[in-house]
Each structure stands twice: as structure tokens, then as C-alpha cells.
Amino acid sequence: MVLDKIDKQILNTLQENGKTTNSRLSKIVGISAPATLERVKRLELAGVISHFTAVIDPEKIGFTIMAMVNISLSLSSLSSVAAIKEKFAELDEVIQCYQIAGANDFILKVIAKDIKAYGQFMNMKLTQIEGIQVIKSSFVIDNVKDKKMFVLDLDEEYGV
């Protein structure tokens, strides 16, 4: 599937505001509402649009601690990476998890209500996962940029 200019306009618009109505979207891209809806459905079926969601500010709902946690595994546990990934995925406090190459094996983005809750997460959950050798936490002081949008160049060709 190759994304044409209209597909890219649809994607750019929906990333800016996922609540944009189909009628408004069709006016923006310059095609009929049924044709616009069909394109959005096609983009969803192809997996280009993975889902629609509401983005919530963690601080507004009482999560005042955010940490970036670097994890290094012991060499003997490298064969059980899949099981460790599953454990990370089960932890509610972990809102993002990346397996990385370099000095560490994983980076976790973790939120907690306060420092005490973070300590409980560390002591009762994270340190209980077999195979973790080193845990290094860095606390977020300020969110300088949290981009959720991938701006698609209308003139560049993207294949899906």
C-alpha cells in the first residue's frame, strides 16, 4: 500500500485532532465524506492507524512522579528476554518499554503517584523480576517535548 497525498493529509489531520469529524475531514482533504470514511477504514485495516485514544496528563490525575529506568540484564538471563518483556508489559506503572542496544538492555518509562509509590513499585515489583542485574532510575524534572505526531510530507512517497 502506497500512501498518496490525500492519505497523508488524513493522517496529519487525525494526528492533530483525532476527534475531527468525517465531514470536516472530507472538507480538509477535498473529497466526499463517504470516500474519506473509506480511506480512514482502509488505513485502519492496513495498520497505519493503530488506534484512537485520549491522551491524559498524568499530573492532572495525581501521578506526580515520572522516571526513566535503565535496566541491564545478567548474561545468564539473555535467553529469557521474552519472559522478561512479558513481565514488563504486565506492570501498570510502566507506560512505555523499549528494548535497546548499547550499555543497557531496556528503558522503561514509569509513572507513580508519589515517591513512596515509586519505591513500592521498585521494591515489590521490579526487583522481583529474575534476570535483572542493574536498575538505574532517572527522575523527570520537566517535560520539554512530548511529540505524538509524525508529520508526513505530502510530496514524499511512503510505502506501507
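Please refer to the structure higher up on the page.
Peer 1: Hey, could you run me through helix α5 (residues 115–124) in this one?
Peer 2: All of the buried residues in α5 are Tyr118, Phe121 and Met122. Each buried residue of α5 lies within a common arc of 95° when the element is viewed along its axis, so the set occupies one face. Counted as exposed and oriented over 90 degrees from the buried face of α5: Lys116 and Met124. In this structure, the buried side of α5 is in contact with β2 (65–73), β3 (94–99), β4 (106–112) and β5 (132–139).

Peer 1: Looking at this structure, how should I read the environment of Ser72?
Peer 2: Along the chain, Ser72 turns up in strand β2. The exposure class assigned to Ser72 is buried, which follows from its relative accessible area of 11%. In contact with Ser72, other than residues within four places in its own chain, are Ala103, Asn104, Asp105, Gly131, Ile132, Gln133 and Val134.

Peer 1: Teacher, can you tell me more about the packing of helix α1 (residues 5–16) against helix α3 (residues 33–45) here?
Peer 2: Any two packed helices are characterised by how steeply their axes cross, that is the angle between the axes, and by the distance between the axes. Two elements in contact, α1 and α3, have axes separated by 11 Å at closest approach and are oriented at 80°. As the angle between them shows, α1 and α3 are arranged roughly perpendicular. Counted together, Ile6, Asp7, Ile10, Leu11 and Leu14 of α1 and Thr36, Arg39, Val40, Arg42 and Leu43 of α3 form the full contact between these two elements. Looking at the contact of α1 with α3 residue by residue, the class counts come to six nonpolar, one polar and three charged.

Peer 1: Got a minute to help me understand the nonpolar core in this structure?
Peer 2: The tendency in soluble globular proteins is for nonpolar side chains to be buried side by side. Val69, Ile71, Phe88, Leu108, Tyr118, Phe121 and Leu126 are the most contacted members of the largest nonpolar core, which totals 20 residues. By residue number, the principal contributor to this core is β2, which donates five residues. In contact with Ile71, not counting residues within four places along its chain, are Phe88, Asn104, Asp105, Phe106, Leu108, Leu126, Ile132, Val134 and Ile135. Core analysis: the next-biggest nonpolar cluster, separate from the first, contains 11 residues, Leu3, Ile6, Leu11 and Leu25 among them.

Peer 1: Hey, could you run me through the sheet that holds β2 in this one?
Peer 2: Within a sheet, each strand pairs with its neighbour through backbone hydrogen bonds, oriented either parallel or antiparallel. Pairing is antiparallel in the open sheet, where four strands are placed in the order β3-β4-β2-β5. Every interior strand has two partners, whereas the edge strands, β3 and β5, have only one. With strand direction ignored, the average angle separating the axes of adjacent strands in the sheet is 20°. Bridge analysis of β2 against β4 gives seven bridges, and the strand direction is antiparallel. Bridge pairing in β4 links Ala67 to Val110.

Peer 1: I'm lost on the side chain of Lys8 in this one. Help?
Peer 2: Topologically, Lys8 is positioned in helix α1. No salt bridge forms around the buried Lys8; measuring N to O, its nearest opposite-charge neighbour Asp153 is 6.1 Å away. Within the structure, the side chain of Lys8 is placed 3.1 Å from the backbone oxygen of Leu154, a separation counted as a polar contact. Sequence-distant contacts of Lys8, that is, excluding residues within four places in its chain, are made with Leu3, Leu152, Asp153, Leu154, Asp155, Glu156, Glu157 and Tyr158.

Peer 1: When you look at the pairing of β4 in this model, what are you seeing that I'm missing?
Peer 2: Extensive coverage of β4 is indicated by the burial of six of its seven residues. Summarising the sheet, β3 and β4 pair through five bridges and their orientation is antiparallel. Bridged to Gln99 within β4 is Phe106.

Peer 1: In this structure, what is going on with the pattern of salt bridges? I would like to understand it.
Peer 2: Two side chains bearing opposite charge may form a pair once their charged atoms approach each other closely. Applying the stated criterion to the full structure yields five salt bridges. As a salt-bridge pair, Arg39 and Asp4 come within 2.9 Å of each other at their nearest N and O atoms. With Arg39 in helix α3 and Asp4 in the loop between β1 (2–3) and α1, this residue pair connects regions lying 35 residues apart in the sequence. For Asp4, a relative accessible area of 32% puts it in the partly exposed group. Where Asp146 meets Lys148, a salt bridge forms, and the shortest distance between an N and an O atom there is 2.7 Å. Accessibility expressed as a relative area gives 47% for Lys148, which makes it partly exposed. The network of salt bridges with shared partners includes Asp4, Asp7, Arg39 and Arg42.

Calculation rules
- Residues numbered from 1 in each chain as written.
- Predicted model: local features only at pLDDT ≥ 70, side-chain atom pairs only at ≥ 80, totals over all residues.
- Heavy atoms only, no water.
- Buried < 20%, exposed > 50% of the residue type's maximum accessible area, 1.4 Å probe, protein only.
- Helix = DSSP H or I, 4+ residues; strand = E, 2+ residues; numbered from the N terminus.
- Arc of directions from axis to C-beta.
- Contact = heavy atoms within 4.5 Å.
- Axes fitted to C-alpha atoms, helices over the stretch in contact; angles between N-to-C directions.
- Parallel < 35°, antiparallel > 145°, perpendicular 65-115°, else oblique.
- Nonpolar A, V, L, I, M, F, W, Y, C, P; charged D, E, K, R; others polar.
- Core = buried A, V, L, I, M, F, W, Y, C linked by side-chain atoms within 4.5 Å.
- Pairing = 2+ DSSP bridges.
- Lys, Arg positive; Asp, Glu negative; His and termini not counted.
- Salt bridge = Lys/Arg side-chain N within 4 Å of Asp/Glu carboxyl O.
- Polar contact = N/O pair within 3.5 Å; in protein donor to acceptor, adjacent residues only side chain to side chain.

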